[in-house]
Amino acid sequence: MRVAVIGAGVIGLSTALCVHEQYHGLVPSLEVEVYADRYTPHTTSDGAAGLWQPYVRDRGNLQETLWNKETFDYLLGHLGSAAAKEMGLFLISGYNLFTQPVPDPAWKNIVLGFRNLTPKELELFPGYSYGWFNTALMLECRSYLPWLSNRLRQKGVKFFHKKVESFQEVSDGGVDVVINCTGVRAGELQPDPELQPGRGQIIKVLAPWVKHFIVTHITDSGIYNVPYIIPGSEFTILGGINQRGNWNEENSAQDHKTIWESCCRLLPALQKAQIVEEWSGLRPTRPSVRLERETVRHGHGQAEVIHNYGHGGFGITIHWGCALAAARLLGSILQERKLTGSPQPRL
Amino acid sequence: MAAPKVAVVGAGVIGLSTALCIVETCPSCSVTVLSDQFSPNTTSDAAAGILIPHTSPGTPIHVQKQWFKETFTYLLAISNSAEASEAGIHLISGWQVFKNTPKEEIPFWSDVVLGFRSMSEAELQKFPQHRFGQAFTTLKCDCPPYLLWLEKRLKATGVQMYTRKVADLWELHSEYNIVVNCAGIGAHQLVGDEKLFPVRGQVLKVHAPWVKNFIRDGDGLTYIYPGIHRVTLGGTREKKNWSLSPDPSTTKDIFDRCCSLEPSLCGAQDVTVKVGLRPSRWCVRLQREVWSQGGVKLSVVHNYGHGAGGFSIHRGTAKEAARLVGECIAGLQGSSSRAKL
């Protein structure tokens, strides 16, 4: 039973691991393979700061809120373990700032210590009149993806460095199920007008005196199109660009100026920070995550595909919940093929 | 009279901040800092520099609160400016956790720090051995950066600094009109203050940049304070122990206690050990005197004995000391104009 995961960002690798952990013991013939043209540190996930935080406005999708919660709880459980440091996982506290009062987010009880900002705290951020404070998690992909890769390799999962051109190509090669974790370029395998790039640009600086994340929100400006500052374990990420429909992965001098000036205005203490690197990436933006089964018919056969893409700017935040859901979909395929001797395991 | 000549003895956080306050309030004064130690070898350099006050039995609470508030306000402004990184001042959030609910659940300083509240059940789950906690955001003064920044500001105003061991304040009477005694634990010998005693603290400074929140056990013995480049792990409170040598078994004990509060610290690298002697006293000695001998007078202002709470109240006591220096100057001018009659 061969399962091929296409894509090696946070979604692809975590789905591969989840699937292997769930079914390896139940399906002795299970072989999991990963195909990707880009591996860490060249994936979209690698550029993300790694802050666990869903969008602040509920897209009305309870399913996604549950997946976010599953991910947070899963990561929180790993915090005290010896693996945490290697995973790039740690707690971080910080601020969300608004120019007017807003309803509490769907995730207020998922994070730790969620509360509104006090007037004295708001004085630190001129121009913002409302805000939240909470403790959340950081999961840095430049550590997490290698950690996932190592776990997968230990389990005998094979990695292939190639660009998959079609589902057919993979299923013709003898793969039974394809898990499509191709992120922003999923449209190349199957057109999806709902999937759009949300181009982001970030500046990586050395500013170890910054201990809090600060994310600003301006109504009508779109998420992450206004300044944010996220301190990592080594570097601090400055951002605030989200250009819908822009496929350009080159850094823009204009965007650099926008990010730098707006972040320094937000946090004057950044002015002496040393700039280390600049990076652009494309958020796989979609009105909702595409997480579903599809039997893709082609020429002389069909391919069983599980789609798991379109996680926008919250891939890290939602990844494990989606991996579990994708694994459940695989479970139903295995059940149909009567490959699991015992009843469906409780996931 | 000619510009008053002021000597500040001591170059830790108290000496340097007091010198700066004197310069700010008395621009005509000529201020010199004398100390046998400068950063990175002062007691202040061993301290984490976190702004969490200690209750001093001999000082009225409203005065302690005033000093803390002045210090907090002063440093908050620096932390939110372009100077922040050079001055070593940054905001930090975290938790103070208690194994047993304390008598005083809301300390006197709760409305000075930011966002003070009790910890939620979910937050307490991270600390299975503790059943009560407080969450808040406060400030940290990293040393050496903060002391070096103070030195730089002092030099920019023309203050001279000399390495000199002063054995007796009186030896300064011929060069200076006013001496400000910020000798910290050194005051035990310098002015023979028997009420001043060391409380020895050993700390570890480790490289663990993923630790972004502070954690302090309410017993004051175990704490984790992330600084700009290093995390300070502590500590000990050994009354009347004068030893400045690190003790290896204490190092292991501190590390174990901190790892049990924050397991990820087990992966911390690059452990440096430091020792400091907290200059403890039932209250800060903040008073002025006039010493005279053979017709010669010397005004003395004392500002020492801050114990474990030096950083938390330094600016407040520095301003008070500068005010006392002002009184000395008024006294000197009064007597010199009387002398003219």
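- With an unreviewed UniProt entry as reference, chain B is termed D-aspartate oxidase, source organism Baryphthengus martii.
- UniProt's Function (unreviewed entry) comment on chain B is quoted here verbatim: "Selectively catalyzes the oxidative deamination of acidic amino acids. Suppresses the level of D-aspartate in the brain, an amino acid that can act as an agonist for glutamate receptors. Protects the organism from the toxicity of D-amino acids. May also function in the intestine."
- Listed under Sequence similarities (unreviewed entry) in UniProt, the entry text for chain B is "Belongs to the DAMOX/DASOX family."

- Going by the annotation in an unreviewed UniProt entry, the name recorded for chain A is D-amino-acid oxidase, with Baryphthengus martii given as the source organism.
- According to its UniProt record, chain A has this under Cofactor (unreviewed entry): "FAD".
- One UniProt comment on chain A, placed under Sequence similarities (unreviewed entry), says "Belongs to the DAMOX/DASOX family."

Concerning the packing of aromatic side chains
Here comes step 1: On inspection of all chains with the given rule, the structure shows 25 aromatic pairs over all chains.
Here comes step 2: Judged by centre distance (5.4 Å) and plane angle (55°), the ring pair of A:Phe114 and A:Trp132 falls under tilted. You can see A:Phe114 sitting in strand S4 (residues 112-116) and its partner A:Trp132 sitting in strand S5 (residues 130-139), a full 18 residues away along the chain. Like A:Trp132, A:Phe114 is buried.
Here comes step 3: Aromatic pair B:Phe136 and B:Phe214: ring centres 5.1 Å apart, planes at 50°, arrangement tilted. Residue B:Phe136 is found in strand S5 (residues 132-141), and its partner B:Phe214 is found in strand S9 (residues 214-217); the two are separated by 78 residues along the sequence.
Here comes step 4: Connected via pairs of aromatic rings, a cluster forms that spans B:Trp109, B:Phe116, B:Phe136, B:Phe214, B:Tyr223 and B:Tyr225.
Here comes step 5: The cationic tip of A:Arg153 hangs over the ring face of A:Phe159; the distance from NZ or CZ to the ring centre is 5.1 Å.
Here comes step 6: Residue placement shows B:Lys240 over the ring face of B:Phe197; its charged tip is 5.7 Å from the ring centre.

Overview of the state of the cysteines
Here comes step 1: Tallied over the entire structure, the rule returns one disulfide over all chains.
Here comes step 2: The partner cysteine of B:Cys26 in its disulfide is B:Cys29, sulfur to sulfur 2.2 Å. Judged by the torsion about the S-S bond (80°), the B:Cys26/B:Cys29 disulfide is right-handed. Accessibility assignment for this pair places B:Cys26 and B:Cys29 in one class, buried.
Here comes step 3: Left without a disulfide partner, A:Cys141 is nearest to the cysteine sulfur of A:Cys181, which lies 14 Å away.

Parameters and conventions
- In every chain, residue numbers begin from 1 and rise along the written sequence.
- In the order they appear in the text, chains get letters beginning with A and ligands get numbers beginning with 1.
- pLDDT decides what is reported in this predicted model: residues at 70 or higher carry local features, side-chain atom pairs at 80 or more are listed and counted, and totals for whole chains, interfaces and linings draw on all residues regardless.
- Heavy atoms throughout the structure, all of them, feed into the side-chain values; hydrogens and water do not.
- UniProt positions are given in the numbering used here, feature names are shortened, and annotations may be inferred rather than shown by experiment.
- Only the six-membered ring of Trp is used, alongside the rings of Phe and Tyr, when aromatic pairs are assigned; centres must lie within 6.5 Å, and planes under 30 degrees apart are stacked while those over 60 apart are edge-to-face, with the rest tilted.
- For the purposes of this entry, the term helix denotes a DSSP run of H or I that reaches at least four residues, the term strand denotes a run of E that reaches at least two, and both are numbered from the N terminus.
- Note on exposure labels: buried denotes an accessible area under 20% of the residue type's maximum, exposed denotes more than 50%, and partly exposed covers the range between, all computed with a 1.4 Å probe on protein chains only.
- We call a charge positioned above a ring when the Lys NZ or Arg CZ atom is no farther than 6 Å from the ring centre and deviates by at most 35 degrees from the ring normal.
- The definition used for a disulfide is geometric: two cysteine sulfur atoms within 2.5 Å.

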